[in-house]
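One letter stands for each residue in the lines below.
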There are 2 protein chains.
Amino acid sequence: MKQDLVQYSILGLLMDGKKSGYDLKNDFKNSVGSFYAPSFGSIYPILKKHEKNGYVIGKDEAVGKRKRTEYTITSLGKDTFLKWLKVPVAQHELQYSCDDILVKLYFYRYLPLKTRLALIKKLKDMSFENYYSLIECQKEISFPITDSRRWPLDWGVVSFYAYAKWLESIEDAYKKRGD
Amino acid sequence: MKQDLVQYSILGLLMDGKKSGYDLKNDFKNSVGSFYAPSFGSIYPILKKHEKNGYVIGKDEAVGKRKRTEYTITSLGKDTFLKWLKVPVAQHELQYSCDDILVKLYFYRYLPLKTRLALIKKLKDMSFENYYSLIECQKEISFPITDSRRWPLDWGVVSFYAYAKWLESIEDAYKKRGD
DNA sequence: GGGGACATGTAATTGGTTACATGATTAC
DNA sequence: GTAATCATGTAACCAATTACATGTCCCC
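Residues numbered from 1 in each chain as written. Chains lettered and ligands numbered in written order. Predicted model: local features only at pLDDT ≥ 70, side-chain atom pairs only at ≥ 80, totals over all residues. Heavy atoms only, no water.

1. A word on the relation of the copies chain A and chain B
Applicable threshold: The atoms used to superpose the copies are C-alpha atoms, taken from residues with pLDDT of at least 70 in both, and the fit is least squares. Here, residues are in contact when the closest pair of their heavy atoms is within 4.5 Å.
Screw-axis analysis of chain A against chain B gives a translation of 0.0 Å along the axis, an RMSD of 0.1 Å, and a rotation angle of 180°. On the angle and the small slide along the axis, the relation comes out as a two-fold axis. Considering only C-alpha atoms, the part of chain A nearest the rotation axis is S159 of chain A, at 2.9 Å. Taken as a fraction of all interface residues of chain A, those also at the interface in chain B reach 100%, which identifies the copy contact as same-surface.

In structure tokens form, the structure reads like this:
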């Protein structure tokens, strides 16, 4: 999934208006930058690729004498992005690599409320499932709490529980809002 | 750090006895495999590289007519591994990418108790620090809980709190043991 | 005798980062 | 005038995965 992440994130950032490659770099920094920040060396080539695929349209704009190429997302690009966004996070992605999920989560606001809620519910359910299955694993291993071999497992247990509870609180918030 | 991870992990897995490349593949699967599992295509070349660097020594062993190359870690290899292991996890690594840390954590048992404890304490302190600083960030943003733009931040808050509390419980366990 | 595990290795491909190259504009 | 920021792009490099290539052993 990782390799697609840049590509879809760029489409995601273009969802709220046309931007240059330079803008995108800053946008990454100011949004999902703390866990994912691509370099110019990947942004510009991807933009070109997106244009070739018909996902974006580049237009040279002159700001004074300084020229910049602004990219607008097409409806095909939007569909492609939304299609990716709607794919629920898979169990194995949740397993331990959170970065990709965090990026996806950030863009959930572009989904209709119902879809968003369904995906959050699914994420919550998976978190609880993972939590319970790791609890089972914990029972099977005999290492004491001070043995580092069980730490990654314990880390998983505490984080899945925390995620699940937090996702539950989001669900509750939606319910209270009554949308 | 990511690229070094494979290399040090291989040294780490060789810490408790000589192994072939094939063994290592299985070992990854059975230990840190759920969050990090390299392919043969990276294991074998790294083994060769390690041998060139004097970190491991490969010896052809014949099991019947089937030959396998078993690698033994050298004292230089051990030192190199331990040196890496002793480097505390940096703040930015803790930020959101947990995989690398989990791998490192798994190998902490090769460190003397005192060092291990100090590193756990440091990790705990950083988790609390991150937790408090994210709490500050939360105060500054005005998005309601139902806005997906704050979710990555919230995710960070709940996970840092969970990690910190859990690391604290490890410390307590050590104290109770009175080592 | 065939499938599956054991065992090693490499070549092709992918995809990213770093560093380089270039040049305009703005603020001091 | 010079440093910082704006702005775009590419070439060299690096590291990893996939797929391929090869062959043994063991059990059914």
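2. Notes on the interface of chain A and chain B
For the record, the criterion: Buried area counts how much accessible surface, traced with a 1.4 Å probe, disappears from two parts once they are put together, with both parts' losses summed. Salt bridges are defined as contacts in which a side-chain nitrogen from Lys or Arg sits within 4 Å of a carboxyl oxygen from Asp or Glu. In protein, a polar contact means a hydrogen-donor-capable atom and an acceptor-capable atom, both N or O and within 3.5 Å, with residues adjacent in sequence counting only if both atoms are side-chain atoms; elsewhere, any N or O pair within 3.5 Å suffices. A run of DSSP states H or I qualifies as a helix once it reaches four residues; a run of E qualifies as a strand once it reaches two. Both are numbered from the N-terminal end.
Listed by partner, the interface residues are 36 residues for chain A and 36 residues for chain B. Each partner contributes to the roughly 3500 Å² buried at the junction of chain A and chain B, and carbon and sulfur atoms together form 76% of this total. Viewed at the interface, chain B and chain A are joined by zero salt bridges. Here chain A is connected to chain B by eight residue pairs in polar contact (both at pLDDT 80 or more). Mapped by element, the contributors of at least two residues to the side of chain A that touches chain B are helix 5 (91-95), helix 6 (99-106), helix 7 (113-140) and helix 8 (151-177) of chain A. Sort the elements by how many residues they give to the side of chain A that touches chain B and helix 8 of chain A lands first, with 14 residues.

3. Some points on the packing of aromatic side chains
A ring pair, where both rings are aromatic, is described by two values, the distance of the centres and the angle of the planes. Residue and element names in this part refer to chain A. Worth spelling out the cut-off: The criterion for an aromatic pair is that two Phe, Tyr or Trp rings (for Trp, the six-membered ring) have centres within 6.5 Å, with stacked assigned to planes under 30 degrees apart, edge-to-face to planes over 60 apart and tilted to the rest. Relative accessibility decides the category of a residue: with a 1.4 Å probe and only protein chains considered, values under 20% of the type maximum give buried, values over 50% give exposed, and everything between is partly exposed. Only when the NZ atom of a Lys or the CZ atom of an Arg is both within 6 Å of the ring centre and within 35 degrees of the ring normal do we say a charge sits over the ring.
For the structure on display, the rule yields 32 aromatic pairs over all chains. Ring centres 5.5 Å apart and planes at 90° place the aromatic pair F81 and F107 in the edge-to-face group. With F81 in helix 4 (residues 75-86) and F107 in the loop between helix 6 and helix 7, this pair connects stretches of sequence that are 26 residues apart. Each member of the pair F81 and F107 is classed as buried. Three or more aromatic residues joined by ring pairs form one cluster here, namely Y8, F81, W84, Y106, F107 and Y110. Stacked on the ring of F40, the Lys or Arg K25 has its end atom at 4.6 Å from the ring centre.

4. Considering the protein's contact with DNA strand C
Applied cut-off: Here a residue is considered near a molecule or strand provided that any single heavy atom belonging to it is located within 4 Å of it. Think of it as three bins: nonpolar holds Ala, Val, Leu, Ile, Met, Phe, Trp, Tyr, Cys and Pro, charged holds Asp, Glu, Lys and Arg, and polar takes everything else, Gly as well.
Neighbouring DNA strand C are 19 residues, the closest being S42 and K65 of chain A together with Y44, R68 and T69 of chain B. Taking the atoms of DNA strand C that fall within 4 Å of the protein, sugar and phosphate contribute 70% of them. With respect to DNA strand C, the side chain of S42 of chain A contributes an N or O atom lying 2.9 Å from a phosphate oxygen. Note that a phosphate oxygen of DNA strand C is positioned 2.7 Å from one of the side-chain N or O atoms of R68 of chain B. Partitioning the surface near DNA strand C into residue classes produces five nonpolar, eight polar and six charged.

5. Considering the confidence of the model for chain A
Defined as follows: For every residue, the predictor assigns a confidence score, pLDDT, that lies between 0 and 100.
Looking at chain A as a whole, its pLDDT mean stands at 92, while 97% of the residues score no less than 70. The element-level mean pLDDT for chain A is lowest in helix 5 of chain A, coming to 81, with helix 4 of chain A highest at 96.

6. Quick look at the pairing of strand 2 (residues 66-73) of chain B
Residue and element names in this part refer to chain B. How we decide: Here, any two strands with at least 2 DSSP bridges between them count as paired.
The pairing of strand 1 (residues 56-63) with strand 2 spans eight bridges and is classified as antiparallel. Across the sheet, residue V63 finds its bridge partner in strand 2, namely R66. Here strand 1 hands over to strand 2 after two residues, with G64 in that stretch at a positive phi of 70°.

7. Section: the environment of M126 of chain A
Residues and elements named next belong to chain A. Mapped onto the elements of the fold, M126 is located in helix 7. C-alpha of M126 to C-alpha of R149: the two residues are 23 residues apart in sequence and 24 Å apart in space. Setting aside its immediate chain neighbours within four residues, M126 contacts V89, A90, Q91 and L94.

8. Notes on helix 3 (residues 40-53) of chain B
Residues and elements named next belong to chain B. Note the threshold: In this analysis, the expected span of each helix is defined as 1.5 Å times one less than the number of residues it contains. Taking the helix axis as origin, the arc is that swept by the directions to the C-beta atoms.
Under the 1.5 Å per step criterion, the end-to-end length of helix 3 is 20 Å for 14 residues, consistent within 8% with the ideal 20 Å. I43, I46, L47 and H50 are the residues of helix 3 that are buried. Each buried residue of helix 3 lies within a common arc of 110° when the element is viewed along its axis, so the set occupies one face. The outward face of helix 3, more than 90 degrees from its buried face, is lined by the exposed residues G41, K48 and K52.

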